[in-house]
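Tertiary structure, described
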There are 2 protein chains.
Amino acid sequence: MKCAVLSVGTEILFGQILNTNSVYLSQQLNLMGIDVLYHYTVGDNDSRLSEILQMAFQDCDLVIATGGLGPTEDDMTKETVCRVMDDILREHAPSRTALEEHARERGRALTPNNYKQAMMPSRAVVFDNDAGTAPGFALENGGKYIICMPGPPREMKRMFQRRVRPFLEHFSDSVIYYRTVRTFGIGESSLETRLLGLIDSQSDPTIATYAGEGECSVRVASKRKTISEARDAVDQMIAQIRARIGEYIYSEDNENLADVVGQRLIRQGITISSAESCTGGMFASELVSVPGISDVFDRSLVTYTWNAKTDELGVLPETLETYSAFSEQVAREMAEGLYRKTGSGICISVTGIAGPGGGDSDRPPGSAYIGIVHAGVTEVHFHRGRDVNRDWNRHYAVLAMLDLVNKSIKQ
Amino acid sequence: MKCAVLSVGTEILFGQILNTNSVYLSQQLNLMGIDVLYHYTVGDNDSRLSEILQMAFQDCDLVIATGGLGPTEDDMTKETVCRVMDDILREHAPSRTALEEHARERGRALTPNNYKQAMMPSRAVVFDNDAGTAPGFALENGGKYIICMPGPPREMKRMFQRRVRPFLEHFSDSVIYYRTVRTFGIGESSLETRLLGLIDSQSDPTIATYAGEGECSVRVASKRKTISEARDAVDQMIAQIRARIGEYIYSEDNENLADVVGQRLIRQGITISSAESCTGGMFASELVSVPGISDVFDRSLVTYTWNAKTDELGVLPETLETYSAFSEQVAREMAEGLYRKTGSGICISVTGIAGPGGGDSDRPPGSAYIGIVHAGVTEVHFHRGRDVNRDWNRHYAVLAMLDLVNKSIKQ
């Protein structure tokens, strides 16, 4: 099946918003085995929209459109679509009832304009919107399909997952199942090398690697007759991947590292504190984004100056003078000082060079020493930076800290 | 002038990357008074690309394309463009020399493929690329123009600013100048109301308001015969805006709040420390993103538990028990405890509810008390949250803290 993704909205043409809908839909459609040949964006303009639709249907069987379904004058996607697909608008009773209920619940009155949202092409399959007021729909004409969804990404994504994907799956005699494995500590090219035999040797499941911000993921997808066949194929492939790169995997379900670590700490009831220098509070900030973390997170002492390191953590002035703040010794004293103060189950410290500049050829900007006290034992690890930019370097050091905590408490 | 923005690249159709080029170009072109009617994305496919070009030229005088100028087999933008614009490719000597120099500097040999990048349409105006190897160009045929630039955003933006914008300005007898004023503490609708007379009363300078993440900006743009006329018009309008909403403005040159505050602290040599609860290190992390901040930033004590607040900051257990951690009293004791410990020029504290959940109708999730000790005087401010989500709420509280610091040290 060949498809075009169409975004309707003048605000995109003004550059006021990033078009994230087209990225999301492209990912989802490609995963379903539907080829995306074009992205189009057009304003709320009847003649340009109808031109685009006619052009898209020359090559494509399917157009997936978002936007222009609202209640105002400029929202004219439905009218144009009807003209191109040879249909007429007619009131859709369930949509009218849903609109009226939505308004009643919020104590609002409906204006005549609002009722426009309940008008649907007469032959359409209507998709209800449980995150907003504009329903979506699918419409067929001469073997060509158009699917229209609302523009707000949250409404569109819910509608796609709940209603549009199952609708499209009807056209296919197979289903897709996929999982994303996330890794830290291995680069994309080494990852590919290690998985080489697996990637080449077969067409299903497919394996694709992606480089993220300082980490890599592997998506494993299978297209089979039934969901259980597809799931089995994916699970078996993930077992093979695990055998090859298991030591780098921190999630087999696309979770982020802070969530994995935070939830594991909460589940195991292990308390944690941190002592940060170069990351400047970013470690704590990442961990605090995990809901429920207040059960286990005690404190983070962001000791930026030498003074703060001696005051707060008891780092010895001699150690700072002899080895400088960017040293294994200082990372060790920071972690141990923090442990004396807090007694937290995990005490982690970091001191390094955020960049830009600084460091040397063995320790480029972004490098850091990470100290950890766990079960009474202190270890210090060297984290080699990649000298990208200040914020990226700090983020990458935070990932290294989370990874270290994760490995310490993995059971 | 009417224009289409065209992105060439299969990776966009796979949903592997966000199309940020089209946002950037739309903003820039709209600012220059060029109407953007369409965005198109197409893979590296000759027949689809030429169809799109023909369609675009039906409505538009100008197509701005990015991508497909590289040295590999699939890069065929130039070939297709030549066919549509009735031209032929020919070696462009200065581009060949530049390529050879680029390779020599890096000690690399050029492959035959590389020389493809020096082939240019014979009638083209060539734009050199000082951030990469693929040159861009402009080509005219029958009054229609196409401009092709490389796909990597960094290369594209530099080429647009250095070469393409001046080229396009030739077609116009006027220049554009604009500035962006940034505000905190006023919503977009109040902002519009306050600027109402200014926004309506004239067509140049134009005034547009934008809602960002917890803050709003106002862009003032003028199109005049000369740059100095345009600059004068913008400056005069900004003076009028300042008279109406000056108390909310923190930058008249599109800087972010952490940079404004950080640079002001550094310039004035005022030291700063923070004591954070609900923001969990995010305040420190934002401030530390400012290069050079180590001159003035001493420490942040992220005291998440009651214990940490009493240990680190000397908050009284009675105060916590009587008023709870989410109280004016605790914010005050946190700031004053921090000041006793550090003596920093500015000591700022925050305690609140990150959400989701918690708080009450007067103090929705995201609300916080912010304490500040400056020049020996303690003040506590209530920050009313908006209950968006945990990370947004924390970010908004950090902006409120930065805003308070900014107002304290503004001279």
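All of the points below concern the structure found in this document. No experiment lies behind these values; they were computed from the predicted model shown.

1. Observations regarding the sheet that holds strand β2 (residues 35-42) of chain B
- A sheet is described by the order of its strands in space; here 12 strands give the open sequence β6(A)-β7(A)-β8(A)-β3(A)-β1(A)-β2(A)-β2(B)-β1(B)-β3(B)-β8(B)-β7(B)-β6(B), paired in mixed fashion. Each having just a single partner strand, β6 (125-127) of chain A together with β6 (125-127) of chain B make up the two edges of the open sheet. On average, each strand axis in the sheet is inclined to that of its neighbour by 15°, with strand direction left out of account.
- Sheet topology note: the strand β3 (residues 62-66) of chain B/strand β8 (residues 144-149) of chain B ladder contains five bridges and is parallel. The residue of β8(B) that forms the bridge with B:Ala65 is B:Cys148.

2. Side note on the interface of chain B and chain A
- Each partner contributes residues to the interface: chain B has 58 residues there, and chain A has 58 residues.
- Summing both partners gives a buried area of about 4,600 Å² for chain B against chain A, and 55% of it is carried by carbon and sulfur.
- When residues of chain B are sorted by the area they lose upon contact with chain A, B:Leu13, B:His39 and B:Tyr304 head the list and together hold 12% of the total.
- Applying the counting criterion to the chain B and chain A interface returns six salt bridges.
- Listed by contribution, the elements that provide at least two residues to the side of chain B that touches chain A are α1 (10-13), α2 (20-31), β2, α3 (46-59), α12 (282-288), β14 (297-303), α13 (306-313) and α16 (390-409) of chain B.
- The class makeup of the residues in the side of chain B that touches chain A is 26 nonpolar, 21 polar and 11 charged.

3. Comments concerning the pairing of strand β1 (residues 2-8) of chain B
Residues and elements named next belong to chain B.
- Of all seven residues in β1, six are buried, a share of seventy percent or more.
- When β1 meets β2, the two strands line up parallel, connected through seven bridges. Each residue of the ladder has a partner; that of Ser7, found in β2, is Thr41.

4. Description of empty space enclosed by the protein
- Under the definition given, this model contains two cavities of 30 Å³ or more.
- Size it by volume and the largest cavity reaches roughly 80 Å³.
- Around the largest cavity sit A:Asn19, A:Ser22, A:His39, A:Thr41, B:Asn19, B:Ser22, B:His39 and B:Thr41, which together line it.
- Of all the secondary-structure elements, those providing two or more residues to the lining of the largest cavity are β2 (35-42) of chain A together with β2 of chain B.
- Residue composition of the lining of the largest cavity, by class: no nonpolar, eight polar and no charged.
- Roughly 40 Å³ of internal volume is contained in the second largest cavity.

Cut-offs applied
- Residues numbered from 1 in each chain as written.
- Chains lettered and ligands numbered in written order.
- Predicted model: local features only at pLDDT ≥ 70, side-chain atom pairs only at ≥ 80, totals over all residues.
- Heavy atoms only, no water.
- Pairing = 2+ DSSP bridges.
- Helix = DSSP H or I, 4+ residues; strand = E, 2+ residues; numbered from the N terminus.
- Axes fitted to C-alpha atoms, helices over the stretch in contact; angles between N-to-C directions.
- Contact = heavy atoms within 4.5 Å.
- Buried area = accessible area lost by both parts, 1.4 Å probe.
- Salt bridge = Lys/Arg side-chain N within 4 Å of Asp/Glu carboxyl O.
- Nonpolar A, V, L, I, M, F, W, Y, C, P; charged D, E, K, R; others polar.
- Buried < 20%, exposed > 50% of the residue type's maximum accessible area, 1.4 Å probe, protein only.
- 1 Å grid on protein atoms, 1.4 Å probe; cavity = no way out; pocket = protein on both sides within 12 Å on 5 of 7 lines; lining within 4 Å.
- Points joined across faces, edges and corners; volume = space filled by probe spheres on them.

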